Amino acid sequence: MKRPASKSCKKIPKIEVVDLFCGIGGLSFGMKSKGFNILAGYDLDSTCRYAYETNNEAKFIYKDIKTVSADEIRAKYSKKSIRVLAGCAPCQPFSSYAFKNKKKDPNKYDLLYEFGRLVEEVEPDIVTMENVAQILSFKEKPVLHDFVELLRRKEYKVWVNPVYCPDYGVPQTRRRLVLLASKLGDIKLIPPTHTKDDYVTVKDVIGDLPKLKAGETDKNDPLHRAKVLSPLNMERIRCTPYGGSWHDWPEELILQCHKSEKGKTFGSVYGRMVWEHPAPTMTTQCTGLGNGRFGHPEQDRAISVREAALIQTFPKTYKFFADEKDVAITKASRYIGNAVPPRLGEVIAESIIEHIETIMTI
């Protein structure tokens, strides 16, 4: 989408970003594509280093956020730049799955407090945070409330709302919470770029990829690779009609767990996507047939790693591994499912640019 002409004839200062909980760099990449200078990304998964550094041309720092000091972060920014501190604290404790799973790791939801500590001590010009929408109703600890109150005490103007990602060109029915905060003045996310009439669909992003069988890899694209299916699951996917799920199977194919009252509520499991609409939310298990509606619309298999990456808005040029010919599908799926969609990173960057341009006209 083409941005409107600048509201100011003044040149925007350099915008510099430090990305906490950076993973393989989806958020950084989206911001970089809009001209932001990505300084560094922090994460505790050292295997993300190659993808982060290769695609973002920034330093990956393997370090626990609890040991990161404000002085260390401050030293990375240059003088007279707009300093952005970005991050997506691990969302598993706040996800819909976590609400059903009683064995939560309390240390993970404390990570947002660590993010808050660094904001309080560094005092960047702008803060952005992305997380699952369920954090709004998380009752065990008021982590989001505490984070927002900290920002307001430090005199940030705060915008925080759930966002339906198809409204911004992300081809999946993902709902995420986006927070923007600025010491420079009022800030908000740009208006939606898409409507129901022109949402980006499954067909738009993966409809032209070569056909694959389960367990097969495209000879020209090592990431266009689908998981092997057992003979029983092959029979199940063949019995799943377009847009259907396990509800459409004959009785002898239905799993025992789905026959219980609780199991009947999982209607999308083993389901097929449809071409005409956005895909479901990509998860860390998005290439597994039994983990959601991740069946290909027409082919008898789950979606490939490449298809998951495209639905997550990673371009085909994005490098996930130094050697993509020997890719662990499970690891690749985890990278993709944990990532912030780069398109959402672009939208956040566009919002920051518009905010700065507005401030410069006052």
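Residues numbered from 1 in each chain as written. Predicted model: local features only at pLDDT ≥ 70, side-chain atom pairs only at ≥ 80, totals over all residues. Heavy atoms only, no water.

Chemist: Would you explain the overall build of the protein in this entry?
Modeler: Secondary structure summary: the protein contains 12 helices and 9 strands in total. Per-residue burial for the protein yields a buried fraction of 54% across its 362 residues. Sequence separation of at least 24 residues holds for 67% of the intrachain contacts in the protein that already meet a minimum separation of 6. When the accessible surface of the protein is summed, it comes to about 17,000 Å², and 51% of that surface belongs to carbon and sulfur atoms. (Helix = DSSP H or I, 4+ residues; strand = E, 2+ residues; numbered from the N terminus. Buried < 20%, exposed > 50% of the residue type's maximum accessible area, 1.4 Å probe, protein only. Contact = heavy atoms within 4.5 Å. Areas by Shrake-Rupley, 256 points an atom, 1.4 Å probe, with all protein chains shown as cover.)

Chemist: How should the pattern of salt bridges be read in this particular structure?
Modeler: Opposite charge on two side chains makes pairing possible when the charged atoms of those side chains draw close. According to the stated counting rule, one finds 18 salt bridges in the structure shown. Between Glu 123 and Lys 183 there is a salt bridge, with its nearest N and O atoms 3.2 Å apart. Within this pair, whereas Glu 123 is found in the loop between α6 (111–122) and β5 (126–132), its partner Lys 183 is found in the loop between β7 (175–182) and α8 (202–206), the two being separated by 60 residues in sequence. On the basis of relative accessibility, which here comes to 31%, the residue Glu 123 falls in the partly exposed class. Given a relative accessible area of 30%, Lys 183 falls into the partly exposed group. Of the charged contacts, one joins Glu 346 and Arg 343 as a salt bridge, the two residues approaching to 2.9 Å between their closest N and O atoms. (Salt bridge = Lys/Arg side-chain N within 4 Å of Asp/Glu carboxyl O.)

Chemist: What's the story with the pairing of β5 in this structure? I'm lost.
Modeler: Side-chain positions along a regular strand alternate between the two faces of the sheet. When you tally the buried positions in β5, you get 7 out of 7 residues, the bulk of the element. Pairing of β5 with β7 involves 7 bridges; the strand directions are antiparallel. From the neighbouring strand, Ile 126 faces β7, where its bridge partner is Ser 182. (Pairing = 2+ DSSP bridges.)

Chemist: Would you mind going over the nonpolar core with me for this structure?
Modeler: Note on soluble globular proteins: their nonpolar side chains tend to be buried together. Membership of the largest hydrophobic core comes to 66 residues, with the highest contact counts inside it found for Met 31, Phe 36, Leu 189, Met 282, Phe 320, Ile 348 and Ile 352. The element contributing the most residues to this core is helix α12 (residues 342–361), with 8 residues. Excluding its chain neighbours within four sequence positions, the residues that come into contact with Phe 320 are Ile 24, Tyr 50, Ala 51, Leu 223, Arg 306, Ala 309, Phe 314, Tyr 335 and Ile 336. Ranked by size, the runner-up nonpolar core spans 34 residues in total, among them Leu 118, Val 127, Ile 135 and Val 143. (Core = buried A, V, L, I, M, F, W, Y, C linked by side-chain atoms within 4.5 Å.)

Chemist: Looking at this model, I keep getting lost on the confidence of the model for the protein. Mind explaining?
Modeler: Predicted coordinates in areas of low pLDDT are best not read in detail. Confidence in the prediction for the protein averages 90 pLDDT; 88% of positions are at 70 or higher. Low pLDDT, under 50, characterises residues 1–6; the stretch is placed with 5 contacts to residues that sit more than four places away or in other chains. Here residues 92–103 is modelled with pLDDT under 50, and outside its nearest four sequence neighbours on either side it reaches 25 contacts, counting other chains as well. (pLDDT = per-residue confidence, 0-100.)

Chemist: Explain the sheet that holds strand β4 (residues 82–87) here, please?
Modeler: To summarise the sheet geometry, strands pair through backbone hydrogen bonds and adopt either a parallel or an antiparallel arrangement. Taken together, 7 strands build an open sheet; the order of strands is β3-β2-β1-β4-β5-β7-β6 and the sheet is mixed. Two strands lie at the open edges of the sheet, namely β3 (59–62) and β6 (157–164), each paired on one side alone. Direction aside, neighbouring strands of the sheet carry axes that sit 15° apart on average. Sheet topology note: the strand β1 (residues 15–20)/β4 ladder contains 6 bridges and is parallel. Looking at β4, one finds that Val 17 is bridged to Val 84. Along the sheet, helix α2 (residues 49–56) makes contact with β1, β2 (37–43) and β3, crossing β3 at roughly 155°. The strands that α12 touches are β1, β4, β5 and β7; relative to β7, the one it contacts most, it runs at about 25°. (Axes fitted to C-alpha atoms, helices over the stretch in contact; angles between N-to-C directions.)

Chemist: So what exactly am I meant to see when it comes to the packing of α6 against helix α7 (residues 143–153) here?
Modeler: When two helices pack together, you describe them by how their axes are tilted relative to each other and by the distance separating the axes. With their axes 10 Å apart at the nearest point, α6 and α7 run at an angle of 5° to one another. As judged from the angle between their axes, α6 and α7 are roughly parallel. For the pair α6 and α7, contact is made by Leu 112, Tyr 113, Phe 115, Gly 116, Val 119 and Glu 120 and by Val 143, Leu 144, Asp 146, Phe 147, Leu 150 and Leu 151, respectively. For the contact of α6 with α7, the per-class residue count stands at 9 nonpolar, 1 polar and 2 charged. (Parallel < 35°, antiparallel > 145°, perpendicular 65-115°, else oblique. Nonpolar A, V, L, I, M, F, W, Y, C, P; charged D, E, K, R; others polar.)

Chemist: What is the right way to look at the environment of Lys 211 in this model?
Modeler: Its place among the elements puts Lys 211 in the loop between α8 and β8 (217–218). Linking Lys 211 and Gln 299, residues 88 residues apart in sequence, is a C-alpha distance of 7.4 Å.

Chemist: Whenever I open this one, α6 confuses me. Can you help?
Modeler: Along an α-helix, residues three or four positions apart point the same way, because every turn accommodates 3.6 residues. In a regular helix each residue adds 1.5 Å, so 12 residues correspond to 16 Å; α6 covers 16 Å between its end C-alpha atoms and thus fits that length. Buried within α6 we find Leu 111, Leu 112, Glu 114, Phe 115, Gly 116, Leu 118, Val 119 and Val 122. Positive phi shows up at Glu 123, right after α6, with a value of about 50°. (Expected span 1.5 Å × (residues − 1).)

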